[in-house]
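Below, each chain spelled out in residue letters.
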Amino acid sequence: MAERIIIIGAGVIGAASALALQQDDHDILLVDREAPCAGASFGNAGVIVNDSCAPTAMPGILFDVIRMIGQPLPPVSIRPAYFHKILPWLIRFIWQSRTAAVTNNAIHLYALSKHAVKSWRQLIDKSKLSSVLEETGWLKVYELQKTFNATSKARVLMDAIGTQYQVLTGEQIRDLEPNLAPIFNVGLYQEDCLRIVNPHRLVAGMVDLFVSRGGEYRQFSVEMIKVANETVSLSGPGGVLVANRVLIAAGAWSRTLARLCGDNVPLDTERGYHLMLPESTRSLLNGPVVNGESSFVLSPMEMGIRISGQIEFAGLTATPNYARMRSLLPAAKRMLPDLDTHEESVWMGCRPSLPDSLPVLGFASNTHQVLYAFGHQHLGMTLGAITGLVIADLVAGRKPVMDVSPYRPNRF
Ligand SMILES: Cc1cc2nc3c(=O)[nH]c(=O)nc-3n(C[C@H](O)[C@H](O)[C@H](O)COP(=O)(O)OP(=O)(O)OC[C@H]3O[C@@H](n4cnc5c(N)ncnc54)[C@H](O)[C@@H]3O)c2cc1C
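Being a predicted model, the structure only gives us computed values, none of them experimental.

Reading the values: the criteria
- Residues numbered from 1 in each chain as written.
- Predicted model: local features only at pLDDT ≥ 70, side-chain atom pairs only at ≥ 80, totals over all residues.
- Pairing = 2+ DSSP bridges.
- Helix = DSSP H or I, 4+ residues; strand = E, 2+ residues; numbered from the N terminus.
- Axes fitted to C-alpha atoms, helices over the stretch in contact; angles between N-to-C directions.
- Buried ≥ 20, exposed ≤ 12 C-beta atoms within 10 Å, placed from the backbone.
- Near = placed C-beta within 6 Å.
- Nonpolar A, V, L, I, M, F, W, Y, C, P; charged D, E, K, R; others polar.
- Contact = placed C-beta atoms within 7 Å.
- Left-handed = near helix turned anticlockwise from the far one by under 90°.

**Thoughts on the sheet that holds strand S19 (residues 370-374)**
Pairing in this open sheet of 6 strands is mixed, and the strands run S8-S2-S1-S12-S19-S18 from one edge to the other. Since the sheet does not close on itself, it has two edges, and those belong to strand S8 (216-219) and strand S18 (360-363), each with one partner. Ignoring which end each strand starts from, the neighbouring axes of this sheet average 20 degrees apart. Two elements, S18 and S19, share 4 bridges in a ladder whose sense is antiparallel. By the bridge assignment, valine 360 is partnered in S19 with phenylalanine 374.

The following block contains the structure:
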């Protein structure tokens, strides 16, 4: 039966859910307190990594982080003023790095990510947006065998779960990316991925497509949610909105909204950054390349090469520290000697993350009038389309392609 459904959040997750729910003829209102794609979906590295399975909390993560203490701008950092706030999350995160928990989390991440490419095709292939996605591989390069060897646990996990990859020699790396300096001796390559040539154009375009198909978009900040017998009402400075159901897809800001619906979810943010280089740089790479030593990504986009990375625990409101990205420019230039490192723009975004690297996906604990789709951490672009399709299945009463119980809000 067609229903009136309000989706909170016009990032990739809200936009994908809007398109998927619309296919079932529901009456959808998509709201965001800002313009579409103002959050993490705006500035990511733009890679859809099919079959991704390694959670962020891997065995040994605690020691990896301790080793970074004292480095001037390490790839993972905690702002001292936020330490006491993030501590409970970090304790849970470290608990999730036990081998048994890692395997479990990897299985449930893979259950979603194995549908990544297929689900994106299913959601947007019949629209002109399909040109924003290009086939690519996901290449990680290492100068030192020692650094590569230190990532062996991820490969053991990938072998166990079934994620396909190849280990490349320096020569094979240069065959794929001739402009890379000949300093990389070993690489890891996953085929069958997609790159988004402009993540903002993709997500804003999805909202436009949704509206052109009869959906409604409204700028509206949700401050209160009340669930009654047959209706859900949302209120904020813009007034009151009423629907049969609501989907909370507000990324890193979803925790407070879920709490209003009775679920206390340990969601926090792993902030990340990007720095854009001039448009002329875009042809230097054929696909995204991860620097395995310094943990950043170079993504060729239609606007130029985007350098992205960093994990910073500092909450939702602290001022960005763009020095984090600027400090990576010498390493980027070392990778690509022809790189023009003139800074076009910088950006900070809030990855929505739970300690087990799994999203919250499905109905609220106490009511089927509220659904959740948030917490996609480093993989929201990868998992956007499959998330939308799963939400549509749940609303329609169809069985999704995977068991969604591992993603329930009260699993902690
Ligand atoms: C540096 C970086 C690189 C990344 N690279 C990749 C990558 O290559 N591949 C990949 O798969 N993922 C990547 N990610 C992760 C990915 O970007 C995120 O997981 C994804 O964008 C999250 O999407 P979302 O829709 O949940 O949240 P968002 O895009 O943050 O959207 C949430 C929206 O909710 C709105 N909102 C919040 N509160 C309210 C409210 N109360 N009322 C109304 N609206 C509200 C916000 O304004 C926002 O527009 C990267 C992230 C970063 C930071």
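After that view, the rundown keeps rolling.
**Quick notes on unusual backbone geometry**
Glycine aside, the phi torsion of most residues is negative, and most peptide linkages are trans. One non-glycine residue, aspartate 25, adopts positive backbone phi at about 70 degrees. By the secondary structure assignment, aspartate 25 is in the loop between helix H1 (12-22) and strand S2 (27-32). One non-glycine residue, aspartate 192, lies in the positive phi region at around 60 degrees. Mapped onto the elements, aspartate 192 comes out in strand S7 (residues 186-196).

**Remarks on the pairing of S19**
Judged by how many residues are buried, S19 sits mostly within the fold: 5 of 5 residues are covered. With burial as the criterion, each face of S19 is covered, one bearing Val370, Tyr372 and Phe374 and the other bearing Leu371 and Ala373. As judged from the 3 bridges shared by strand S12 (residues 245-248) and S19, these two strands associate in the parallel manner. If you follow leucine 247 over to S19, its bridge partner there is leucine 371.

**A short note on the site of the ligand**
The immediate surroundings of the ligand are formed by 41 residues, with Gly11, Gly39, Gly251, Gly272 and Gly380 found nearest. Counting only elements with at least two residues in the shell around the ligand, the list comes to H1, S2, strand S13 (268-276), strand S17 (345-353) and helix H13 (380-396). Classifying every residue of the shell around the ligand by side-chain character gives 19 nonpolar, 18 polar and 4 charged.

**Looking at the environment of proline 300**
With respect to the helices, strands and loops of the structure, proline 300 is situated in strand S15 (residues 296-301). Between the C-alpha atom of proline 300 and that of serine 283, which follows or precedes it by 17 residues, the distance is 7.1 Å. The contact partners of proline 300, leaving out residues within four places of it in the chain, are Arg282, Leu284, Leu285 and Ile305.

**Observations regarding the sheet that holds strand S9 (residues 224-227)**
The 3 strands lie next to each other as S9-S10-S11, forming an open sheet whose pairing is antiparallel. The open sheet is flanked by S9 and strand S11 (239-243), the only strands paired with a single partner. Averaged over neighbouring strand pairs, the angle between their axes works out to 20 degrees when direction is ignored.

**As for the packing of helix H5 (residues 116-124) against H13**
Where H5 meets H13, the closest approach of the two axes is 8 Å, and the angle between their N-to-C directions is 65 degrees. The two elements H5 and H13 cross, and the hand of that crossing is left-handed. Between H5 and H13, the residues in contact are Ala116, Ser119, Trp120, Gln122 and Leu123 and Thr382, Leu383, Ala385, Ile386, Gly388 and Leu389, respectively. Classifying every residue of the contact of H5 with H13 gives 7 nonpolar, 4 polar and no charged.

Don't take any of this as a statement about function, it's just geometry.
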